[in-house]
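# An overview of the molecular structure
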Amino acid sequence: MLFTSYEFVAFLFLVLVLYYVLPGRFQWQFLLLAGYLFYFAAGESYLIYILTTTVTVWFAACRIEKVREGQTKYLKEHKERLGKEEKKLYKSRMKAKQWRWLLVMLLLNLGILAVLKYSNFVIVNINRVIGAAGGGREFSLWNLVLPMGISFYTFQALGYLIDVYRGTVKAEKNLFKFALFVSFFPQLVQGPISRFGDLSATLFESHPFRARTVCFGMQRVLWGYFKKLVIADRMLVGVNAIIGDTDTYGGAYVFVGMLFYALELYADFTGGIDITIGMAEAMGIHVTENFNRPFFSKSIKEYWRRWHITMGTWFTDYIFYPISVCKPMLKVSKFTRAHFGERIGKRVPVYLSSFAVWLATGIWHGAGWNFVAWGLGNWIIIMISQELEPLYERFHAKFPVEGRAPWKVFQILRTILLMSCLRMFDCYRDVPLTFRMFGSMFTGWDFSIFWDGSLYGIGLGFQDYMVLLAGTALLIAVSCIQRRGKVREMIAEKPYPVRFVIWYGLFLAVLVFGAYGAGYDASQFIYNQF
Amino acid sequence: MQELLEILRGLHPDVDFENCKTLIDDKVLDSFDIISIVSEIYEEFDVTISAEYIKPENFNSAEALYSLIRKLEDEE
């Protein structure tokens, strides 16, 4: 059941009606039921995986909490009798107990994810090595299903478990409440990766019907559908044509495809997140924002603070910091400082941990060398820009352009181009081919395609380009207005006829120019596959 | 406290670390700075700041960071 299907729209309508008809105290139970129905409709066999993650993580979190409660009680009761060293020893024994629970659950759940998502990638590579070594018996691929949104819900559940281990959230004692946290259907498909502390604040409360809340939520859903159906799915036709025939579409076409893909991915993913957050908002539930106008970023580092924010903070909190401040890493840093100087010693933990994070980010996005190359490409660019800092400072001391509008525009365009180039790994899905096509942008450049009508040959007609142009202009305009405040609140203050024209205009645009009007098939959201 | 201020000034000589209370909220310090600070604290104070303590309230000011170091020294 795709978000863009008629079935889903009917499902959402029914859920919303029943949600507000039911007494408030049953609302969260109803959402749990709806989440499992939604997941069951996506694939019956998926249920076993989400159930396994839910039950094991919930159980381990309760055990960790119990150990902590026992520790507090014991220390309180034996406050007078225990010396400092004894207390320290006892605490470290309790911590080790908690760590064992955490470790077992991390291995189990990441193991499930790894087997389902990466085993065939590993087999293919083993077979390649066998073939290169002179042949022999090759391993056959495993016929495995990849449950929808498994990376998202696994990370969300494990993030909760780590938070319980660290003591930043209390373990949820009610299994069904925790099950809802993992299976909340609006974010089950493609995130955001919520933290328990954030989502639980509104997830289990009762929410009386408020017209403004429902209305605001549905407005955001509509905006999401506009981005997905009018822009992303239309753009997809052109992108598929260009990447599907690399012999014909080289040179300037690659540049067009690269920019189209960047815009398609943005419209697709942010559109999906708008639908998610809007649905939750319509039910009075607050879901964390996942984007903050990323294409206005002035550097790649900033871009990653504004794109897929919940994934970025997940990797920072649960991979980057634990690796970079663990004792062995601090010892390595100390050693390199002593033997190779302050400058290198300082960089070692940062470089090694960010390498691990970008490798993990690449692998998280998919089982393929192209994703590994994409992740490491990001790492290389961020590290290079980090190393060039002194050069930038010297440049800015000589040319005081910092903060001026033309310089900001240059920085923004530079970030967009760099990100779009890196996305080519994701687009062509083959590392050597990506490099070949990237090279063709410089060797086979032919400007004439921009005016001789060649761009109509990639499956998009004049009307499509006009719709894309208007849609993109609207996206940029909305992003610019967002700098001044919340767009929907600004619209809500306008007189009724203005509001009517805006929202019905958007609704009609989705109906006429979206998947229903122009003969396209609504495609799956790109991030569904993760 | 002086040793800590020296570590911080070594990273950003232009920042008023004695008075600034929003080092994280105002993005004065980023994740790379935090790692450098943690590793220098390990060398200078022999205190390990583990990942669970890396949160804005502990890094927003030199004072908060110093309190954390003291707390961890007591625990260790």
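Within any chain, residue numbers begin from 1 and follow the written order of that chain's sequence. All chains are assigned letters beginning with A, and all ligands numbers beginning with 1, in the order in which they are written. A pLDDT threshold of at least 70 governs which residues receive local features in this predicted model, and a stricter bar of 80 or more applies before side-chain atom pairs are shown or counted, although totals over entire chains, interfaces and linings include all residues. Each side-chain value is worked out from all heavy atoms of the structure, with water and hydrogens disregarded.

Helix and strand content of chain B: 4 helices and 0 strands. Helix and strand labels come from DSSP, where a helix needs a run of H or I of at least four residues and a strand needs a run of E of at least two; each type is numbered from the N terminus. Going from N to C terminus, chain B has its helices and strands arranged as α-α-α-α. Taken against the 2.2 N^0.38 rule, which gives 11 Å for 76 residues, the C-alpha radius of gyration of chain B at 11 Å falls within 12% of a compact globule. Counting only C-alpha atoms, chain B reaches 30 × 20 × 20 Å along its principal axes. When each of the 76 residues of chain B is scored for burial, the buried share is 51%. Only heavy atoms enter the contact rule, under which two residues are in contact if any of them lie within 4.5 Å. Considering only intrachain contacts with a sequence separation of at least 6, the fraction spanning at least 24 residues in chain B is 54%. C-alpha atoms define the radius of gyration in this analysis, and the globule rule sets the expected value at 2.2 Å times the number of residues to the power 0.38. Only protein chains enter the calculation, and the probe is 1.4 Å; a residue is then buried if its accessible area is under 20% of its type maximum, exposed if over 50%, and partly exposed in between.

This part is about the confidence of the model for chain B. Residue and element names in this part refer to chain B. Values of pLDDT, which run from 0 to 100, indicate the predictor's confidence residue by residue. Summary statistics for chain B give a mean pLDDT of 88 and a share of 99% for residues scoring 70 or more. Looking across chain B, the model is least confident in helix H2 (residues 31–45), with a mean pLDDT of 86, and most confident in helix H3 (residues 56–59), with 91. Predicted as a complex, the structure gets a pTM of 0.88 and an ipTM equal to 0.86.

All names here are of chain A. What counts as an axis is a line fitted to C-alpha atoms, over the stretch in contact for a helix, and the angles between N-to-C directions run from 0 to 180 degrees. Helix H10 (residues 252–282) packs onto helix H9 (residues 211–244) with a crossing angle of 160° between their chain directions and a minimal axis gap of 7 Å. Between H9 and H10, the angle is such that the two are roughly antiparallel. Judged by the sense of rotation from one axis to the other, the crossing of H9 with H10 is left-handed. In terms of residue class, the contact of H9 with H10 is built from 22 nonpolar, 7 polar and 7 charged. When describing relative orientation, an angle under 35 degrees is termed roughly parallel and one over 145 degrees roughly antiparallel, while 65 to 115 degrees is termed roughly perpendicular and anything else oblique. Left-handed is the label given to a crossing in which the near helix is rotated counterclockwise from the far helix by less than a right angle, and right-handed is the label when the rotation is clockwise. Ten residues, namely Ala, Val, Leu, Ile, Met, Phe, Trp, Tyr, Cys and Pro, are considered nonpolar, four, namely Asp, Glu, Lys and Arg, are considered charged, and the remaining ones, Gly among them, are considered polar.

All names here are of chain A. As for its placement among the helices and strands, Gly191 is situated in the loop between helix H7 (185–188) and helix H8 (196–203). By relative accessible area, Gly191 is classed as buried at 0%. Taking the C-alpha atoms as reference, Gly191 lies 28 Å from Tyr351; in sequence the two are 160 residues apart. What Gly191 contacts, discounting residues up to four positions off in sequence, is Phe152, Pro186, Ile273 and Thr276.

Quick look at the layout of surface pockets now. Here the term cavity refers to a set of points on a 1 Å grid, laid over the protein atoms alone, in which a 1.4 Å probe fits but cannot get out; the term pocket refers to an open set having protein on both sides within 12 Å along at least five of seven lines, with lining residues being those that place an atom within 4 Å of a point. Grid points are joined across faces, edges and corners, and a volume is the space filled by probe spheres set on the points. Its volume calculated, the second largest pocket comes out at about 1,800 Å³. Elements with a minimum of two residues in the lining of the second largest pocket: helix H3 (46–77), helix H4 (84–132), helix H5 (150–166), helix H12 (309–324) and helix H14 (342–365) of chain A together with helix H4 (62–75) of chain B. At 16 residues, H4(A) tops the list of elements feeding residues into the lining of the second largest pocket. Taken together, the residues that form the lining of the second largest pocket break down as 26 nonpolar, 7 polar and 14 charged.

Right, let's talk about the interface of chain B and chain A for a bit. Contacts between the two partners involve 24 residues from chain B, matched on the other side by 26 residues from chain A. Ranking the residues of chain B by area buried against chain A places B:Phe32, B:Ile35 and B:Tyr42 at the top, with a combined share of 31%. Salt bridges are defined as contacts in which a side-chain nitrogen from Lys or Arg sits within 4 Å of a carboxyl oxygen from Asp or Glu. Two residues, A:Lys95 and B:Glu52, come together in a salt bridge whose shortest N-O distance is 3.9 Å. Polar contact is defined as a pair of N or O atoms within 3.5 Å, subject to the rule that within protein one atom must be able to donate a hydrogen and the other to accept it, and that residues adjacent in sequence are counted only when both atoms are side-chain atoms. Where chain B packs against chain A, one counts 3 residue pairs in polar contact (both at pLDDT 80 or more). The dominant element in the side of chain B that touches chain A, judged by the number of residues it contributes, is H2(B), at 10 residues. Each of two parts loses accessible area, computed with a 1.4 Å probe, when they are put together; buried area is these two losses added.

Another aspect to go through is the packing of aromatic side chains. Residue and element names in this part refer to chain A. For this analysis, a ring pair means two rings from Phe, Tyr or Trp (six-membered ring only for Trp) whose centres lie within 6.5 Å, classed as stacked if their planes differ by under 30 degrees, edge-to-face if by over 60, and tilted for the remaining angles. Across all of its chains, the model carries 55 aromatic pairs over all chains by this definition. On the numbers, 6.2 Å between centres and 80° between planes, the contact of Tyr39 with Tyr153 is edge-to-face. Here Tyr39, found in helix H2 (residues 27–42), pairs with Tyr153, found in helix H5; they are 114 residues apart in sequence, far enough to count as distant. In this pair, the class of Tyr39 matches that of Tyr153, namely buried. Through a chain of ring-to-ring contacts, three or more aromatic side chains come together here, namely Tyr266, Phe269, Phe291, Phe295, Tyr303, Trp304, Trp307, Trp358 and Trp374. Put simply, a charge is over a ring when the Lys NZ or the Arg CZ is close to the ring centre, within 6 Å, and near the line of the ring normal, within 35 degrees. Sitting above the plane of the Trp364 ring, Lys117 keeps its charged end 5.4 Å from the centroid.

All names here are of chain A. Cis peptide bonds are those with omega within 30 degrees of zero, and the linkage from Gly191 to Pro192 qualifies with 5°. Secondary-structure assignment places Pro192 in the loop between H7 and H8. One non-glycine residue, Arg293, adopts positive backbone phi at about 40°. With respect to the helices and strands, Arg293 occurs in the loop between H10 and helix H11 (300–306).

All names here are of chain A. To count toward a patch, a residue needs a relative accessible area above 30% and no salt bridge. Like charges then connect within 9 Å, nonpolar side chains (Val, Leu, Ile, Met, Phe, Trp, Tyr) within 5 Å. Note on areas: these come from Shrake-Rupley sampling with a 1.4 Å probe, and a residue is covered only by the protein chains present in the view. Asp and Glu count as negative and Lys and Arg as positive, but His and the ends of the chain are not part of the count. Here the site of a charge means atom NZ of a Lys, CZ of an Arg, CG of an Asp or CD of a Glu. Among the surface-exposed residues, Arg63, Lys66, Arg93, Lys97 and Arg100 lie close enough to one another that they form a single positively charged patch. The set of elements that each furnish at least two residues to the positive patch consists of H3 and H4. With 3 residues, H4 is the single largest residue contributor to the positive patch. Mapped onto the fold, Lys97 is located in helix H4.

Moving on: the confidence of the model for chain A. Low pLDDT means the predicted atomic positions in that stretch should not be read closely. Within chain A, residue pLDDT values average 90, and 97% of them lie at 70 or more. When mean pLDDT is taken per element in chain A, helix H6 (residues 175–183) of chain A scores highest with 97 and helix H13 (residues 327–340) of chain A scores lowest with 86.

A few words now on the pattern of salt bridges. Opposite charge on two side chains allows them to pair when their charged atoms are near. All names here are of chain A. The final tally for this structure, using the stated rule, is 20 salt bridges over all chains. For Glu69, the salt bridge identified is with Lys173, shortest N-O distance 3.4 Å. Residue Glu69 is located in helix H3, and its partner Lys173 is located in the loop between H5 and H6; the two are separated by 104 residues in the primary sequence. Assessed through its relative accessible area of 36%, Glu69 is described here as partly exposed. Of the charged contacts in the structure, one is a salt bridge between Glu289 and Arg220, with a shortest N-O distance of 2.8 Å. Residue Glu289 is found in the loop between H10 and H11, and its partner Arg220 is found in helix H9; the two are separated by 69 residues along the sequence.

On to the environment of A:Pro186. All names here are of chain A. Looking at the element boundaries, Pro186 is found in helix H7. Take Pro186: its relative accessible area is 0%, and that puts it in the buried class. Setting aside residues up to four positions removed in sequence, Pro186 forms contacts with Phe3, Gly191, Thr276, Met279 and Met283.

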